[in-house]
Amino acid sequence: MLESPSIPAPNDLEAHWIPFTPNRHFKRHPRLIARAEGVWYYTPEGRPVLDATSGLWCCNIGHRHPKVVEAIQRQAAELDYAPPFQFGHPKSFALAARLRDLFPGDLDYVFFTNSGSESVDTALKIALAYQRAIGQGTRTRLIGRERAYHGVGFGGLSVGGMVNNRKWFGPLLPGVDHLPHTLDLERNAFSRGQPQFGAELADALERIVQLHDPSTIAAVIVEPVAGSIGVYPPPVGYLERLRAITEKYGILLIFDEVITGFGRLGAANACEYFGIVPDMVTLAKGLTAATVPMGAVMVRRPIYEAIVEKNPAPEKVIELFHGYTYSAHPLACAAALAVLEVYRDEDLFRRAAQLAPYFEERLHALADHPHVVDIRNLGLMGAIELAPRPGRASERAYDAMCAAFERGLMIRVTGDTIALSPPLIATREHLDRIFDILAKVLAELP
Ligand code: PXG
């Protein structure tokens, strides 16, 4: 099944300061991945590890898909780079047109970035520029939500709501407010899919609007399904209310679909899944299935028109002073075009939808295991929340991750929650293996 790996494990791990990782523990007990294929990772020693997280919610087509590998190789041999400012290359335009076709309504324009964090900051900046362009320049407030993850830029941190990510970094952006999060263990624990209770939590937006006045608010940003915090599906009716309130007050609604985009819910995106058209959508991860870093922001036509088409400046003047050296990088565009073909040719969004009920069934069968206080799921997103060890928050889930890796399974943990997001190519047999291993890990977990 495996070739022996060509790269031995390094014996000096010191210089690399590893992100979002306890460096001291990791460097004494490293978990290295040297190779991948399909739903499998392989350690440098050649030990297979089943990828139950799609890398980091991103390798939706599995690993090392031959069509994508070939597209990236061909692109590298043809055009390595072209400046994205004042010049262009054909693939970015082809890709933007393909993306437009995947989104509902008039989400017709695409601004390319290199990550989810950049997509979020880009969307927030476009929101502010738009309000100014339509003569609503007093609308500068941005509204996020408690426990949200919108990346690590100062904009995304400011509207984000994960305390550990924020508390070290000062006052962040001024003029930001937050909706309450939607987790309600009293009423909704062990819900299957969207919880029944909590749509009224969206009405907190009405109160925020009344507190600050609509004329001060530019945009609201939410993850349609909160991912990083540990999978909080929106209560039934919640997103619809947010859309209605934002529309009523001329506030832009941004869906952060960095995780939910590209099949995770068993649909092309959350807009399609929930039948809601927000004003902007932030993307990354599944856009290239993480083969080459890339992000994007989908923008509704009136926003593009207000900032670009109706710009009062002469035609040779830049309309939006924003962009990245690597926006629409040729390798990323080639990868994304190939990945979109794989989604279509292998019907992966539908396949994910078909797998989701079995995923839900096996996930919720873990409810009786020790320490489990909640289980949540939507599409191929799942979470198992564990009771924390007294005085040692997040240690129990961390130990579960280490034990799972030893048993040949990669899971993700956040706080004391285990998160699962298998590749869309996973089979029932893969899910069986994931949940069999997880059941053993939970049974033995102190
Ligand atoms: N928005 C959302 C909704 C995300 O999930 C980002 C923005 C930022 O993307 P970049 O590409 O800048 O990392 C994300 C990223 C986790 C985890 O533990 C989740 C993410 C990143 C790292 C860890 O679940 N999501």
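Model, not experiment: these values are computed from the prediction.

### Quick word on the overall build of the protein chain
For step 1, the next point in the chain: When helices and strands are tallied, the protein chain shows 16 helices and 15 strands.
For step 2, the next point in the chain: Over its C-alpha atoms the protein chain spans a radius of gyration of 22 Å, differing by no more than 12% from the 22 Å that the globule rule assigns to 446 residues.
For step 3, the next point in the chain: Taken over the C-alpha atoms alone, the protein chain extends approximately 65 × 55 × 45 Å along its principal axes.
For step 4, the next point in the chain: Counting only residues that meet the buried cut, the protein chain has 48% of its 446 residues in that class.
For step 5, the next point in the chain: In the protein chain, 72% of the contacts between residues at least 6 apart in sequence involve partners at least 24 apart.

### As for the sheet that holds strand β13 (residues 409-410)
The strands making up a sheet associate through backbone hydrogen bonding, with each pair oriented either parallel or antiparallel.
For step 1, the next point in the chain: Pairing within the open sheet is mixed, and its four strands lie in the order β1-β2-β3-β13. Each edge of the open sheet carries a strand with a single partner, namely β1 (35-37) and β13.

### Notes on the site of the ligand
For step 1, the next point in the chain: Close to the ligand lie 19 residues, the nearest being S115, G116, S117, G151 and V258.
For step 2, the next point in the chain: It is helix α5 (residues 116-133) that provides the largest number of residues to the shell around the ligand, a total of three residues.
For step 3, the next point in the chain: Viewed by domain, the shell around the ligand spans two of them, domain 1 (23-61 + 347-444) and domain 2 (69-345), each represented by three or more residues.

### Description of the domain arrangement of the protein chain
For step 1, the next point in the chain: The domains assigned to the protein chain are domain 1 (23-61 + 347-444) and domain 2 (69-345).
For step 2, the next point in the chain: Once you take the C-alpha centre of each, domain 1 and domain 2 turn out to be 26 Å apart.
For step 3, the next point in the chain: With 32 residues of domain 1 in contact, the opposing surface of domain 2 contributes 30 residues.
For step 4, the next point in the chain: It is helix α14 (residues 348-364) that contributes the most residues to the side of domain 1 that touches domain 2, seven residues altogether.
For step 5, the next point in the chain: Its residues placed into classes, the side of domain 1 that touches domain 2 shows 18 nonpolar, 10 polar and four charged.

### Topic: the sheet that holds strand β5 (residues 141-145)
For step 1, the next point in the chain: Pairing is mixed across the open sheet formed by seven strands, whose spatial order is β4-β10-β9-β8-β7-β5-β6. The open sheet is flanked by β4 (107-113) and β6 (176-179), the only strands paired with a single partner. Across the sheet, the mean angle from the axis of one strand to that of its neighbour is 20°, orientation sign disregarded.
For step 2, the next point in the chain: Where strand β7 (residues 217-222) and strand β8 (residues 252-256) come together, four bridges link them in parallel fashion. Paired with A219 across the two strands is L252, which belongs to β8.

### Notes on the environment of E146
For step 1, the next point in the chain: Take E146: it is sitting in the loop between β5 and α6 (154-159).
For step 2, the next point in the chain: On the basis of neighbour counts, which here come to 17 C-beta atoms within 10 Å, the residue E146 falls in the partly exposed class.
For step 3, the next point in the chain: Sequence spacing of E146 and A353 is 207 residues, and the spatial spacing of their C-alpha atoms is 29 Å.
For step 4, the next point in the chain: Once you skip the residues sitting within four places of it in the chain, E146 turns out to touch G161, H178, L179, P180 and H181.

### Comments concerning helix α15 (residues 395-406)
For step 1, the next point in the chain: For α15, which comprises 12 residues, the first-to-last C-alpha distance of 17 Å matches the rise-based estimate of 16 Å (1.5 Å per residue) to within 8%.
For step 2, the next point in the chain: Three or more residues of α15 are buried, namely A397, A400 and A404. An end-on view of α15 places all buried positions within 50° of arc, on one side of the element.
For step 3, the next point in the chain: Buried residues along α15 sit against β12 (381-386), β13, β14 (412-414), β15 (417-420) and α16 (428-444).
For step 4, the next point in the chain: Backbone geometry just downstream of α15 places G408 in the positive-phi region, at approximately 85°.

### Side note on the pairing of strand β3 (residues 48-51)
For step 1, the next point in the chain: Two strands pair when backbone bridges link them, and strand β2 (residues 40-42) and β3 are joined in this way by three bridges, in the antiparallel orientation. Bridge pairing in β3 links Y41 to V49.
For step 2, the next point in the chain: What sits between the antiparallel neighbours β2 and β3 is a turn of five residues, in which G46 has the positive phi angle 90°.
For step 3, the next point in the chain: As paired elements, β3 and β13 share two bridges and run parallel to each other. By the bridge assignment, D51 is partnered in β13 with M410.

### Thoughts on the environment of M381
For step 1, the next point in the chain: Tracing the sequence through the fold places M381 in strand β12.
For step 2, the next point in the chain: Between the C-alpha atom of M381 and that of G227, which follows or precedes it by 154 residues, the distance is 7.9 Å.

### Observations regarding the pairing of β4
For step 1, the next point in the chain: Of all seven residues in β4, six are buried; the element is thus mostly enclosed.
For step 2, the next point in the chain: Where β4 and strand β10 (residues 295-300) come together, six bridges link them in antiparallel fashion. Looking at β10, one finds that F111 is bridged to V297.

### Observations concerning the environment of T414
For step 1, the next point in the chain: Here T414 is to be found in strand β14.
For step 2, the next point in the chain: For T414, a count of 19 C-beta atoms within 10 Å gives the class partly exposed.
For step 3, the next point in the chain: Sequence-wise, T414 and A383 are 31 residues apart; in three dimensions their C-alpha atoms are separated by 9.8 Å.
For step 4, the next point in the chain: Apart from the residues lying within four places of it in its own chain, the contact partners of T414 are S228, I229, G230 and A419.

### Comments concerning the packing of α5 against helix α12 (residues 301-309)
For step 1, the next point in the chain: One way to put it is that α5 packs onto α12 with a least axis distance of 9 Å and a crossing angle of 65°. Considered as vectors, α5 and α12 are oriented roughly perpendicular to each other. Handedness of the α5/α12 crossing: left-handed. On α12, the residues that touch I126, A129, Y130 and A133 of α5 are I303, A306 and I307.
For step 2, the next point in the chain: Its residues placed into classes, the contact of α5 with α12 shows seven nonpolar, no polar and no charged.

### Focus: unusual backbone geometry
For step 1, the next point in the chain: Positive phi is not limited to glycine here, since F20 has a value of about 45°.
For step 2, the next point in the chain: Residue position: F20 is located in the segment before α1 (23-28).
For step 3, the next point in the chain: With phi around 50°, S54 is a residue other than glycine that occupies positive phi space.
For step 4, the next point in the chain: Turning to its location among the elements, S54 is positioned in helix α2 (residues 54-57).

Definitions and cut-offs
Residues numbered from 1 in each chain as written. Predicted model: local features only at pLDDT ≥ 70, side-chain atom pairs only at ≥ 80, totals over all residues. Helix = DSSP H or I, 4+ residues; strand = E, 2+ residues; numbered from the N terminus. Rg over C-alpha atoms; globule rule 2.2 N^0.38 Å. Buried ≥ 20, exposed ≤ 12 C-beta atoms within 10 Å, placed from the backbone. Contact = placed C-beta atoms within 7 Å. Pairing = 2+ DSSP bridges. Near = placed C-beta within 6 Å. Domains from an automatic or database assignment. Nonpolar A, V, L, I, M, F, W, Y, C, P; charged D, E, K, R; others polar. Axes fitted to C-alpha atoms, helices over the stretch in contact; angles between N-to-C directions. Expected span 1.5 Å × (residues − 1). Arc of directions from axis to C-beta. Parallel < 35°, antiparallel > 145°, perpendicular 65-115°, else oblique. Left-handed = near helix turned anticlockwise from the far one by under 90°.

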